[in-house]
Amino acid sequence: MNIKSLILGSATVALATAGAQAADAIVIAEPEPVEYVRVCDVYGAGFFYIPGTETCLKIGGEFRHQIGSSESVGALTGLGNYHIMMDDRWNTTSRVRVVVDARSETEYGTLQGYARLQFDRADTAASSVLNHGWLSLGGFRAGWTDSAWVSTVQGGRAVGGSHSDSGFFYGYHQTHLIQYNFAGSNGFFGTISAEFDDAGITTNYTPDFVGVVGVNQGWGAAWLKVGFDEEINVLGDSGFGVTAGLHYNIPGAPGSSFRLLGFYADSANKYSVFNGTGFGPSGINLGGPEWSIMASYYHQFNAQFGASLAVQYFGDLYAGPGSDVSTGIDGWALELNTVWTPVENFVVRGELVYNQFDLPAGIDDDSVSGFIRFSRFF
């Protein structure tokens, strides 16, 4: 019996071992470890590493609703106002912006790609647009974005016109460009920018050019910008504009500042202060002024509320877009802007602009326009 038991036990063990070896032939792969998203704090809040790469990505944007109106009085009633609004009715716009910002470090500096997509529903008309789309490597930048006349990479406070979101009359426009930006010691910066000549009047290869120099320091900023408009009319004439600015931070009043800007244009060209407003090509049949001066003060009353007041004078308007013929017409404008942030990432803006032009024979033309805007940022 013992021999039989031994034989049966050995057979059982052999069968069990064979079964185990047969089961080992089927290998179940282990699940791959998940690479969780890592925070990238090199470029500030909101960036994270794209899994498997050293590229940092940030996705942000804005949800906005704006309602405004305008009223014009005088010989040119209804033909122009700063905000390009229709008189005697509500002008409404809802907007969604999506911002994508990708950055990584290379031996030549930061490699960046930036896009801002904008979707509008103005009254009942819908539109979508690539509001910004550019790439950069170190100081090199190329793409569609604000002209260097408006802002530059190292510009800091040397951006726009007044303290408001619209910036008042300073010649805002966007364009295709290729530029180089550099920064030196003590806050010194500069930009040279070749920009697309989009007049479409004649065909050639000559671009527009903008040069910027300035300094940003703790007290504020100072800058000088020069823009060359290669073609302003069917005669093939060219033009240029110059602006100089000062931004001064008020001592003892955190967040408060004063801005003073001066403008000169030898014709009603792209670098006229009327560009980007409801006057000029899209408004009244007058060109921008030969010269203009703007003063703007912003006061931060508390952490949630601030307001600015700006005034601007226009000297000797040109006869029309692309013209260098003086009319002797002068004008001025006043801007009131308020910013209320009741909670983080939610902003309520109010803006009101009044302007007056002294037309020939003592006729005055006036318009007022403004809006209230609600924005949620993320």
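In case you missed it, the structure is sitting above this.
Here is a short report on the structure shown in this document. Worth saying up front: this structure is predicted, and the values here are computed from it rather than measured.

1. Considerations on the pattern of salt bridges
For step 1, the next point in the chain: Taken as a whole and judged by the stated rule, the model has eight salt bridges.
For step 2, the next point in the chain: A salt bridge links Arg-97 to Glu-62; its shortest N-O distance comes to 3.7 Å. Residue Arg-97 is located in strand β3 (residues 91-106), and its partner Glu-62 is located in strand β2 (residues 56-73); the two are separated by 35 residues in the primary sequence.
For step 3, the next point in the chain: Here the salt bridges do not stand alone but share partners, grouping Glu-62, Arg-64 and Arg-97 into one network.

2. What about the nonpolar core?
For step 1, the next point in the chain: Core analysis: the biggest nonpolar cluster contains 29 residues, and Phe-168, Phe-169, Phe-263, Phe-274, Phe-314, Leu-317 and Phe-357 have the highest contact counts within it.
For step 2, the next point in the chain: Secondary structure elements with two or more residues in this core: β9 (208-217), β10 (220-229), β12 (257-265), β14 (305-317) and β16 (346-358).
For step 3, the next point in the chain: Here the element with the most residues in this core is β14; it accounts for three residues.
For step 4, the next point in the chain: Residues in contact with Phe-168, not counting those within four places in the same chain, are Tyr-82, Ser-162, Met-294, Ala-310, Val-311, Gln-312, Ala-333, Leu-334, Glu-335 and Val-353.

3. Side note on the packing of aromatic side chains
For step 1, the next point in the chain: A complete count under the given rule lists 18 aromatic pairs for this structure.
For step 2, the next point in the chain: Taking the centre distance of 5.4 Å and the plane angle of 55 degrees together, the rings of Phe-168 and Phe-169 count as tilted.
For step 3, the next point in the chain: Taking relative accessible area as the criterion, Phe-169 reaches 0% and is therefore assigned buried.
For step 4, the next point in the chain: Ring geometry for Phe-169 and Phe-314: centres 4.9 Å apart, planes at 75 degrees, overall edge-to-face. On the criterion of sequence distance, the pair formed by Phe-169 in the loop between β6 (140-146) and β7 (174-183) and Phe-314 in strand β14 is long-range, its members being 145 residues apart.
For step 5, the next point in the chain: Against the face of Tyr-49 rests Arg-38, its NZ or CZ located 4.4 Å from the ring centre.

4. Let's talk about unusual backbone geometry
For step 1, the next point in the chain: Backbone geometry at Asp-88 places phi at a positive 60 degrees, although glycine is not the residue there.
For step 2, the next point in the chain: Tracing the sequence through the fold places Asp-88 in the loop between β2 and β3.
For step 3, the next point in the chain: For Asp-88, a relative accessible area of 60% corresponds to the exposed category.
For step 4, the next point in the chain: Positive phi outside glycine occurs at Asn-345, with the angle close to 70 degrees.
For step 5, the next point in the chain: Secondary-structure assignment places Asn-345 in the loop between β15 (330-343) and β16.
For step 6, the next point in the chain: Using a relative accessible area of 37% as the deciding quantity, one classes Asn-345 as partly exposed.

5. Some words on the state of the cysteines
For step 1, the next point in the chain: With the rule as written, the count across this model stands at one disulfide.
For step 2, the next point in the chain: Cys-40 shares a disulfide with Cys-56; S-S distance 2.1 Å. Taking the sign of the torsion about the S-S bond as the criterion, the disulfide between Cys-40 and Cys-56, at about 80 degrees, is right-handed. Taken as a pair, Cys-40 in the loop between α1 (2-24) and β1 (48-49) and Cys-56 in strand β2 lie far apart in primary sequence, 16 residues in all.
For step 3, the next point in the chain: Judged by relative accessible area, Cys-40 falls into the buried class, the value being 0%.

Reading guide: rules and limits
- Residues numbered from 1 in each chain as written.
- Predicted model: local features only at pLDDT ≥ 70, side-chain atom pairs only at ≥ 80, totals over all residues.
- Heavy atoms only, no water.
- Salt bridge = Lys/Arg side-chain N within 4 Å of Asp/Glu carboxyl O.
- Helix = DSSP H or I, 4+ residues; strand = E, 2+ residues; numbered from the N terminus.
- Core = buried A, V, L, I, M, F, W, Y, C linked by side-chain atoms within 4.5 Å.
- Buried < 20%, exposed > 50% of the residue type's maximum accessible area, 1.4 Å probe, protein only.
- Contact = heavy atoms within 4.5 Å.
- Phe/Tyr/Trp six-rings, centres within 6.5 Å; stacked < 30°, edge-to-face > 60°.
- Lys NZ or Arg CZ within 6 Å of the ring centre and 35° of its normal.
- Disulfide = S-S within 2.5 Å.

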